[in-house]
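For reference, the chains in residue letters:
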Amino acid sequence: MSATGRRRDQIWSKFTEITVSPFKDSLISILGVVIGLLLVFRTDTAYDRYWEGRKLWSEMTLHIRTLTRCIWIGVRETEVQHIIEKKSAINILIAFVLATKHYLREEYAHDFDDLKPLLNHLRKFSTPTSNVSMETQRRINVPCKYMAHDIITPSNIPLELAYYISSYVNSVNERNLAEPYIVSSMEIAVIGTMECLTGFERILRTPIPLAYSVHLHHSTWLYILALPFQLVGELKWWTIPVVGLTSFFLLGILSIGWEIENPFGYDANDLPLDDFCQVLQQEILAICERKLPSPNEWIFSHDNYPLSPQSNLNAELLSKKTIQELYRIISPIRGVKYSTCTAPHLDIIREGEETDRLLNGKIKDMIQRKMSR
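First, a word on scope: everything that follows refers to the structure included in this document. (Residues numbered from 1 in each chain as written. Predicted model: local features only at pLDDT ≥ 70, side-chain atom pairs only at ≥ 80, totals over all residues. Heavy atoms only, no water.)

Right, let's talk about a nonpolar patch on the surface for a bit. The grouping of Leu245, Phe248 and Phe249 at the surface amounts to a nonpolar patch, some 370 Å² of accessible area in total. You can see phenylalanine 248 is positioned in helix α9 (residues 239-260). By relative accessible area, which is 57% here, phenylalanine 248 ends up exposed. (Patch = residues over 30% accessible without salt bridge, like charges linked within 9 Å, V, L, I, M, F, W, Y side chains within 5 Å. Areas by Shrake-Rupley, 256 points an atom, 1.4 Å probe, with all protein chains shown as cover. Salt bridge = Lys/Arg side-chain N within 4 Å of Asp/Glu carboxyl O. Helix = DSSP H or I, 4+ residues; strand = E, 2+ residues; numbered from the N terminus. Buried < 20%, exposed > 50% of the residue type's maximum accessible area, 1.4 Å probe, protein only.)

Shown next, in the form of structure tokens:
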């Protein structure tokens, strides 16, 4: 062995003597369990916020779809003005979804490319928002509350649009343009959208407590710094890659918690709010492109076979049958035979009637014998 090699081994042995002796085998194990529990709690809490944001968005989508269906289908249109009102109200629903997306990203302007065409005809207020503290909002000077504010001026635009939606629902109710249950469904849906908006604000304004985050970071880094002193005696030079991999896993889990804590941003791991909005907008526009179909158009179609597989007759041919014949096809009684041919008639053999007469006769005989006793 060369002098350089012997010198290196001497240095290594002295280093291990100095580093290993202060640490017992159980110290790093105990610290590892504690750090593991803290990291699991951190990631679980962050994912709960992520999943709650997704659930709230799905609930809001349900309420918007309900409002769209009730307005476009449930509200009567006896004049051209009514159609214009319905389409304008549905445009406000689309604007509500888009405004909620920007609101969650703390973008408060009315002049975004997707919002501007839908909000040009509305007055622009500066409604206080729950996303920013009141002290911060008071420091921002808005010359006039009816002026359009820029992207950094806090304002709750979705809340403003909810008032316009409620005003339309009230107008429909006052003019009796919809049945009471339709109006009630719309009011419930508007309340549901406000509940979802409040839930979004709860996620934004309730971050992980700073003391917990700081303590978790300090504990993780202390564990990583202490880990080499525990492993160097057994692993020697393999301590470097082992500590590197361990640091990668621990710091990666820690970063994941920070990454998904707020699911409403532009990062790759955030919720795809832009895609959600585009899909919902196309759904709403597709509903408005077609008129409400009459039941006669699709129920009594030549291609509708409602009693299949019992019968291969379509709805138009079945409508010529009697009620008794239809019920015999749907739920045939004992002894009834039926044909599933495609002919315009159904050959029913009335053996069931004879069976019923025989059964009724036997029942009557049994009753008479019991009464005679």
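The next thing to look at is helix α3 (residues 80-104). Across its 25 residues, α3 extends 37 Å between first and last C-alpha, which sits within 8% of the 36 Å expected from 1.5 Å per residue. In terms of burial, α3 is largely enclosed, as 18 of its 25 residues are buried. Positive phi appears at glutamate 106, one or two residues downstream of α3, with a value of about 60°. (Expected span 1.5 Å × (residues − 1).)

On inspection of all chains with the given rule, the structure shows 6 aromatic pairs. Pairing tryptophan 57 with phenylalanine 276 gives two aromatic rings, centres 6.3 Å apart and planes at 35°, and the pair type is tilted. Taken as a pair, tryptophan 57 in helix α2 (residues 25-74) and phenylalanine 276 in helix α10 (residues 273-289) lie far apart in primary sequence, 219 residues in all. Using a relative accessible area of 2% as the deciding quantity, one classes tryptophan 57 as buried. Considering the side-chain rings of tyrosine 103 and tyrosine 108, the 6.1 Å spacing of their centres and the 70° angle between planes classify their relative orientation as edge-to-face. (Phe/Tyr/Trp six-rings, centres within 6.5 Å; stacked < 30°, edge-to-face > 60°.)

Here we come to the side chain of histidine 63. Assignment of secondary structure puts histidine 63 in helix α2. Apart from residues no more than four positions distant in its own chain, histidine 63 is found in contact with Ala189, Gly192, Thr193 and Cys196. (Contact = heavy atoms within 4.5 Å.)

What follows is about unusual backbone geometry. In the segment running from serine 308 into proline 309, the intervening peptide bond is cis, with an omega of 10°. Within the secondary structure, proline 309 is located in the loop between α11 (295-299) and α12 (315-318). Despite not being glycine, glutamate 106 has its phi angle at roughly 60°, a positive value. For glutamate 106, the position within the fold is in the loop between α3 and α4 (116-119). Looking at glutamate 106, the relative accessible area reads 44%, which means it is partly exposed.

Okay, the packing of α3 against helix α7 (residues 180-205) next. Contact pair α3 / α7: the axes reach a minimum separation of 11 Å and the direction vectors enclose 10°. Viewed along their axes, α3 and α7 adopt a mutual orientation that is roughly parallel. With respect to the hand of their crossing, α3 and α7 are arranged in right-handed fashion. Across the interface between the two elements, Phe96, Thr100, Tyr103 and Leu104 from α3 touch Thr193, Met194, Leu197, Phe200, Glu201 and Leu204 from α7. (Axes fitted to C-alpha atoms, helices over the stretch in contact; angles between N-to-C directions. Parallel < 35°, antiparallel > 145°, perpendicular 65-115°, else oblique. Left-handed = near helix turned anticlockwise from the far one by under 90°.)

This part covers the packing of helix α6 (residues 157-174) against α7. With their axes 10 Å apart at the nearest point, α6 and α7 run at an angle of 170° to one another. Compared by their axis directions, α6 and α7 come out roughly antiparallel. Contact residues: α6 offers Pro158, Leu159, Ala162, Ile165, Ser166, Val169, Val172 and Asn173, while α7 offers Val183, Met186, Glu187, Val190, Met194 and Leu197. When its residues are assigned to classes, the contact of α6 with α7 shows 11 nonpolar, 2 polar and 1 charged. (Nonpolar A, V, L, I, M, F, W, Y, C, P; charged D, E, K, R; others polar.)

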